[in-house]
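Commentary on secondary and tertiary structure
Here's the letter readout for the chains.
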Amino acid sequence: MRTLNARQRRSKKRHLYLKQHGFCALCHTPHPASELILKHRVHRKAGGANTLANLRLICHPCNRHPAA
Ligand SMILES: [Zn+2]
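Residues numbered from 1 in each chain as written. Predicted model: local features only at pLDDT ≥ 70, side-chain atom pairs only at ≥ 80, totals over all residues.

Here we come to the overall build of the chain. The number of helices and strands found in the chain is two helices and two strands. By the compact-globule yardstick of 11 Å for 68 residues, the chain fits well, its C-alpha radius of gyration being 12 Å. On the principal axes, the C-alpha backbone points of the chain span a range of 30 × 25 × 15 Å. A sequence separation of at least 24 residues applies to 53% of the contacts in the chain between residues at least 6 apart. (Helix = DSSP H or I, 4+ residues; strand = E, 2+ residues; numbered from the N terminus. Rg over C-alpha atoms; globule rule 2.2 N^0.38 Å. Contact = placed C-beta atoms within 7 Å.)

Residue H21 is not a glycine yet carries a positive backbone phi of 55°. Examined against the element boundaries, H21 turns out to sit in the loop between α1 (6-19) and β1 (36-40). The class for H21 is exposed, based on 8 C-beta atoms found within 10 Å. Backbone geometry places H28, a non-glycine residue, at a positive phi of 55°. (Buried ≥ 20, exposed ≤ 12 C-beta atoms within 10 Å, placed from the backbone.)

Here the focus is the confidence of the model for the chain. Segments scoring low in pLDDT should not have their predicted coordinates read at a detailed level. Chain-level statistics for the chain give a pLDDT mean of 91 and a share of 93% at 70 or above. When mean pLDDT is compared element by element in the chain, strand β2 (residues 55-59) scores highest at 96, while α1 scores lowest at 92. (pLDDT = per-residue confidence, 0-100.)

Our next topic: the nonpolar core. Residues C24, L36, L57, I58 and C59 constitute the largest nonpolar core, which totals five residues. The element best represented in this core is β2, accounting for three residues. If we ignore the near neighbours within four places in the chain, the residues touching L57 are K13, L16, Y17, Q20, C24, A25, L36, I37 and L38. (Core = buried A, V, L, I, M, F, W, Y, C linked by C-beta atoms within 7 Å.)

The element β2 is extensively covered by neighbouring structure, given that four of its five residues are classed as buried. One ladder, built from five bridges, connects β1 with β2; its direction is antiparallel. Looking at β2, one finds that K39 is bridged to R56. (Pairing = 2+ DSSP bridges.)

Here we take up the environment of A46. Topologically, A46 is positioned in the loop between β1 and β2. Using a count of 8 C-beta atoms within 10 Å as the deciding quantity, one classes A46 as exposed. Spatially, the C-alpha atom of A46 lies 29 Å from that of P32, the residues being 14 residues apart in sequence.

A few words now on α1. The terminal C-alpha atoms of α1, which comprises 14 residues, lie 20 Å apart, in line with the 20 Å expected from a rise of 1.5 Å per residue. The first or second residue beyond α1 is H21, which carries a positive phi of 55°. (Expected span 1.5 Å × (residues − 1).)

What follows is the structure, given as structure tokens:
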């Protein structure tokens, strides 16, 4: 599967932001959309898909944490 272009990425991020009600998927703290990062649950290299089911939004502190 090809990588997401910028427009698709923004659209998915907005969808997930609404779905997660602006909360980080890991620490469950509310953040503005600009502070959340689109991340794959299963990494692309591990066979993860570019689908909403395999994507979630996490905050910058969680992204830096090894458990993320
Ligand atoms: Zn977080």
